[in-house]
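# Coordinates in review
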Amino acid sequence: MSLLVVGLSHRSAPVSVLERASLSADAQIKLLQDTLAAEPATEAAVLATCNRIELYADVDKFHAGVAELSTLLAQHSGVGLEELTPYLYVHYEDRAVHHLFSVACGLDSMVVGEGQILGQIKDALALGQELHTAGRLINDLFQQSLRVGKRAHSETGIDRAGQSLVTFGLEQLADGADVEEWAADKRVLVIGAGSMSSLAATTLARLRVRELVIANRTLDRAERLAAALGEPGGVTARAVTMDGLADELTRADAVVSCTGATGLVLTAESIAAALAVAPSAPDAGAGDSLRAPDGSLVARLAAAAARDGRVADKSVAGTSFGDTGVSNTGTDATLSGRGSAPDPAGLEYSARPAIEDTPEGRADSELADACPVGLNDRHADEAAQHAAWVDNAGRTIRTASGTRTTRANGDVRIALLDLAMPRDIDGAVHRLAGVRLVDIESLAEASADAPMAADVDQVRRIVSDEVAAFGAAQRAAHITPTVIALRTMAADVVAGEMARLEGRLTGLDEKQRAEINQTVRRVVDKLLHAPTVRVKQLASEPGGAGYADALRTLFDLDPETVASVSRADMNDPNRGRV
């Protein structure tokens, strides 16, 4: 066995590197094909998840294999080899087996004990089989890793040590509250309909959320998932296209996103726009409307103000800004404010001292800081639809009628769970007031503090035992074709000698011939039994690979005969299928 794995994961690389080095489905296929075309590798499989990329291969040269696999990972991940190399790890032979078995048991997961990795290992093997890159070693290795993972979950309490990434992420969104109670009144938007998003939607349906919306690029797939979850007795579920995201965001209490997109699915500006047009507080002025088209001036103001540490939205009655002393004469309006700030939305800020040194005056002055120069009548009409503004600490909502309501600090208006790699949601949204973001990076930090279950030690013992058994089986299997070839050669010798004997002893009857034939074969079998059994035992021990070569040399076995036995075994249609 010359198994080699080269990879990187959340344990070896920062999230910023992992998300840049992620592999699309097409990239995984090309990586496998190129690995087989490379000289050192004879078979390969790739395991790519949201927090790991690993390339497994059977190689004939260790150093050449490491160099080639590292180069291929860099080429197909889009991260330069020099930048990628410090984060790569390498495991060889038994250490490589130990690594995959640990991964299959959830010991190497971000959330210890999570079981979703088993499905991902199965998918990796299926891809290798489909592309014919998985040979004897990869088939045996991945099949056994699945069995080891299932054994760990069935024989120990490793499930108590952790959950799936989805469940753990939802717990982080709940922020200490009971997840079922947290989810009960939530409208949740799930973006994507792949394996991870489907798991998230299924989990949310089990938690009985108030409403579940599935958004996907392919509507049919989203509709099938929504229909399955919304069957009689299920949750209220519906499907939308990605074009409907902006509208759904204004209604959602929580969002879970995991797509295969290479760019951001939700930007800070889109979240800020959704917050700006969300329904006003229950005790806001009657008739106040906070809805506006995505991309409106107020949405841009919200995004800009959020980047500057505020979320602000000012209603405009007619052509004036209330008691700020700012008027609009049909041309550009001049706004008062204290200080200036850079504007990522492309707007400019004016600055002059506050007009009135009172709480109300200071508040209005702070609000004016977030308003742009050049507010014309059209912009004023647009902004007039928005009745409230909220300061960054979440303290005050001011409506057009002048009424105020107070919110508790840290009030979460929308909770976001990003399980994609690379990320779907702009990390800058955490600066928006009323937004809670949980992503792969924050999950890694949270799981690092999670207590390890006592069952983890038992799983580690299972892994160690299984690694030893797998290594022995592989080493024994390596010599099996040679032993079979030896016995085949012996049978051919017996057949040849019996044919010669029959030519010389023509007077023998059938019973006599059978007796002689059986006696000769019994002698050969007895002579070969002890050495072949012993050589299998020796070959199963560490360093026993050389016994096969010794047998081939001692008995002058034809290498092609040995190879043909191996090919016949690999062509067995029932061997190594998932």
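Residues numbered from 1 in each chain as written. Predicted model: local features only at pLDDT ≥ 70, side-chain atom pairs only at ≥ 80, totals over all residues. Heavy atoms only, no water.

As a further point, take helix α13 (residues 268-276). The buried fraction of α13 is high, at 8 of 9 residues. Among all positions in α13, only A268, S270, I271, A272, A273, A274, L275 and A276 are buried. (Buried < 20%, exposed > 50% of the residue type's maximum accessible area, 1.4 Å probe, protein only. Helix = DSSP H or I, 4+ residues; strand = E, 2+ residues; numbered from the N terminus.)

What follows is about the nonpolar core. One finds L8, L84, L165, L170, L212, V256 and L419 to be the most contacted residues of the largest nonpolar core, which totals 68 residues. Here this core takes 6 residues from helix α8 (residues 165-174), the largest share from any one element. Leave out the neighbours within four places in its chain, and L165 touches C50, M110, V111, M196, L419, I440 and L443. (Core = buried A, V, L, I, M, F, W, Y, C linked by side-chain atoms within 4.5 Å. Contact = heavy atoms within 4.5 Å.)

The antiparallel open sheet is built from 4 strands, whose spatial order is β2-β3-β1-β4. Edge positions in the sheet fall to β2 (41-49) and β4 (89-92), since each of these pairs with one other strand and no more. Here the average twist between neighbouring strands, direction ignored, is 15°. The pairing of β2 with strand β3 (residues 52-59) spans 8 bridges and is antiparallel. In the strand pairing of β3, E43 is matched with D58. (Pairing = 2+ DSSP bridges. Axes fitted to C-alpha atoms, helices over the stretch in contact; angles between N-to-C directions.)

On to the packing of helix α6 (residues 116-130) against helix α7 (residues 136-155). Contact geometry of α6 with α7 gives a least axis separation of 10 Å together with a crossing angle of 165°. Accordingly, the angle class assigned to the pair α6 and α7 is roughly antiparallel. When the axes of α6 and α7 are compared, the crossing they make is left-handed. For the pair α6 and α7, contact is made by L118, I121, K122, A124, L125 and Q129 and by I138, N139, F142, Q143, S145, L146, G149, K150 and H153, respectively. (Parallel < 35°, antiparallel > 145°, perpendicular 65-115°, else oblique. Left-handed = near helix turned anticlockwise from the far one by under 90°.)

Centre distance and the angle of the planes are the two values used to describe a pair of aromatic rings. For the structure on display, the rule yields 3 aromatic pairs. Taking 5.9 Å as the distance between ring centres and 75° as the angle between the ring planes, the aromatic pair formed by F101 and F470 counts as edge-to-face. Pair noted here: F101 is in helix α5 (residues 94-104) and F470 is in helix α18 (residues 455-504), with a separation of 369 residues, a long-range link. In this pair, the class of F101 matches that of F470, namely buried. (Phe/Tyr/Trp six-rings, centres within 6.5 Å; stacked < 30°, edge-to-face > 60°.)

Distances and angles like these do not, on their own, reveal function.
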